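Chain by chain, the residues run as shown.
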Amino acid sequence: EELHNLSSVKTLDLSQNNFSELPKDIFCFPCFDTLRVLLLEQNKFRSVPPSVEKLRDLTELNLRKNHISVFPSHPSFVGLLHLDMRNNALQMFPDGIRKLTKLRTCLLGMNEIRRLPNLSQDGMMNELETLDLSNNKLETIDDGLCELPCLQNLNIENNNLRRIPLELGVCKNLKSLLVNGNQFRMLKYSVIQKGTTAIIDFIKNKIPLDSPLLQEKKVNTSTQGIRSLRPGDAVLDKAGTLKSEIETLAQKLNEDFSLSGAKKYALKKKLALKRASLIRLERKIKLEEQAGNYT
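Being a predicted model, the structure only gives us computed values, none of them experimental.

Caption draft 1: Inspection of the overall build of the protein chain at higher detail. Within the protein chain one finds five helices and 10 strands. Here the protein chain holds 295 residues, and the buried ones make up 47% of them. Considering only residue pairs separated by 6 or more positions, the protein chain has 45% of its internal contacts joining residues 24 or more positions apart.

Shown next, in the form of C-alpha cells:
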C-alpha cells in the first residue's frame, strides 16, 4: 500500500540486507517507472535478480559484494552507464556486459575472471571509459583495447598476467594504467613505479618497427553512440578513478591479513598520497564549477 502511494523513485538502496532473491513483482509498481539507480551491494545474490530485468531505464547498477557467478546473456537494461560487480564469483567476462553499448564504467575487480575477450568487436563498447579487472585471475587479454575510443582508465593489477599487451602502448586516450602485482617478464617494477606515462612509453618502445600497431590505424569512425568529451570530463574521470583506487587500497588494508608490516606501511603511504591528490582535485573541480566550466 505504501508503494502505491509513492509518486516516483529515482534511487533505491537495498544494500546490506542479506537478500538472496527479490520478489518477482517488486518493480511492477508505477513509482519505479522512473528508477535510474539501484544499489544491491552486500547481499547474497547468486545471479542478477530476474525482477531487475524489468528496469529498462536503469543507468547505474551496483551488485558489489554478492556471490554472483552468472550475468544475463541478453540484459534489458541496455541504457546502463555504470556497473559495479566487484567482489563476486564471475569466472569469465560476461558476454551480456558486452551488449551494454552505452556503458561508461565497468568495475569487475575481485572476481575470478581468467580471460578478457575482445571488447571492441562490432563497436559494441565504444563508450567505455573505465574498466577495472584488478584482483582477478587474468592470464590472457585479447586484442581490441586500443580500438575502444573512449577508454581512459584501465586497472589490471594483481592478476596472473605474464605478458603486457603491446597495443596498450598506442592507446591514445589512456590516462590511467594500473598493472602492478602481475608476473610480467618484460615490464619491470622500476618502470611500474614511475606511473602511467612511463609504462605506456616503455611498452610502445617494445613494439617492433614493422608492427601494424605503429601504422596509422583505421579506428572505428562511426560516431553513433560515442559521447563527445567536454574539457572538464578528464578531471571528473580522474576523480572517479582516484576514488576507486582509494577504496581498493583501503579494502586491502582492512581485509588482507597476510600483509607484512613493511607492505602495510607502503600501502598506508600510498593511500595517504591518493587521498591528498583527491582532495586537491576536488578543490579544482569546485573552482571550475564555480567558474561554470562543468555546466
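Still more to cover.
Caption draft 2: Representation of the layout of surface pockets. Of the voids in this model, the largest pocket is the one considered here, and its volume is about 1200 Å³. Around the largest pocket, the lining is made up of 44 residues, and of these E157, L178, N180, K270 and K274 lie nearest the centre. Of all elements in the fold, only β9 (153–155), β10 (176–178), α2 (189–192), α3 (196–205), α4 (233–255) and α5 (261–290) reach the threshold of two or more residues within the lining of the largest pocket. No other element matches α5, which puts 10 residues into the lining of the largest pocket. Per-class residue counts for the lining of the largest pocket are 14 nonpolar, 17 polar and 13 charged.

Caption draft 3: Expanded view of unusual backbone geometry. Its identity as a non-glycine residue notwithstanding, M110 has a phi of 60°, on the positive side. For M110, the location among the structural elements is in the loop between β5 (105–107) and β6 (115–116).

Caption draft 4: Structural context of empty space enclosed by the protein. For the coordinates displayed, the defined rule picks out two cavities of 30 Å³ or more. Of the pockets and cavities examined, the largest cavity occupies roughly 80 Å³. Lining of the largest cavity is provided by T130, L131, D132, N153, L154, N155, S176, L178, T241, S244 and E245. Those elements giving two or more residues to the lining of the largest cavity turn out to be β7 (130–132), β9, β10 and α4. When its residues are assigned to classes, the lining of the largest cavity shows three nonpolar, six polar and two charged.

Caption draft 5: Representation of a positive patch on the surface within the structure. Among the surface-exposed residues, K238, R280, R283 and K284 lie close enough to one another that they form a single positively charged patch. Ranked by residue count, the leading element in the positive patch is α5, at three residues. With respect to the helices and strands, the residue R283 is situated in helix α5. A residue is classified by how much of its surface remains accessible, and R283, at 57% relative accessible area, is exposed.

Caption draft 6: Looking closely at α3. Within the sequence span of α3, burial applies to T196, I199, I200, F202 and I203. The buried residues of α3 all sit within an arc of 160° when viewed along its axis, so they share a single face. Seen from the buried face of α3, the exposed residues on the opposite side, beyond 90 degrees, are T197 and N205.

Caption draft 7: Up close: the confidence of the model for the protein chain. When pLDDT is averaged across the protein chain, the result is 86; 88% of the residues are at 70 or more. For residues 217–231, every residue scores under 50 in pLDDT, and the model assigns this stretch 24 contacts once sequence neighbours within four places are set aside.

Caption draft 8: Structural detail: the packing of aromatic side chains. Within the structure shown, the criterion is met by two aromatic pairs. Centroid distance F27 to F32: 5.3 Å. Interplanar angle 85°. Geometry classified as edge-to-face. Summarising the burial analysis for this pair, F27 and F32 share the class buried. Ring geometry for F71 versus F77: centroids 6.2 Å apart, planes at 85°, classification edge-to-face. A residue is classified by how much of its surface remains accessible, and F71, at 12% relative accessible area, is buried. Exposure remark for F77: the relative accessible area of 0% places this residue in the buried category.

Caption draft 9: Layout of the environment of R115. Locating R115 in the fold gives a position in strand β6. In the structure, R115 is positioned 27 residues away from D142 in sequence and 7.7 Å away in space, judged by C-alpha atoms. Those residues in contact with R115 that lie beyond four places of it in its chain are F93, L138, T140 and D142.

Reading guide: rules and limits
Residues numbered from 1 in each chain as written. Predicted model: local features only at pLDDT ≥ 70, side-chain atom pairs only at ≥ 80, totals over all residues. Heavy atoms only, no water. Helix = DSSP H or I, 4+ residues; strand = E, 2+ residues; numbered from the N terminus. Buried < 20%, exposed > 50% of the residue type's maximum accessible area, 1.4 Å probe, protein only. Contact = heavy atoms within 4.5 Å. 1 Å grid on protein atoms, 1.4 Å probe; cavity = no way out; pocket = protein on both sides within 12 Å on 5 of 7 lines; lining within 4 Å. Points joined across faces, edges and corners; volume = space filled by probe spheres on them. Nonpolar A, V, L, I, M, F, W, Y, C, P; charged D, E, K, R; others polar. Patch = residues over 30% accessible without salt bridge, like charges linked within 9 Å, V, L, I, M, F, W, Y side chains within 5 Å. Areas by Shrake-Rupley, 256 points an atom, 1.4 Å probe, with all protein chains shown as cover. Salt bridge = Lys/Arg side-chain N within 4 Å of Asp/Glu carboxyl O. Lys, Arg positive; Asp, Glu negative; His and termini not counted. Charge placed at Lys NZ, Arg CZ, Asp CG, Glu CD. Arc of directions from axis to C-beta. pLDDT = per-residue confidence, 0-100. Phe/Tyr/Trp six-rings, centres within 6.5 Å; stacked < 30°, edge-to-face > 60°.

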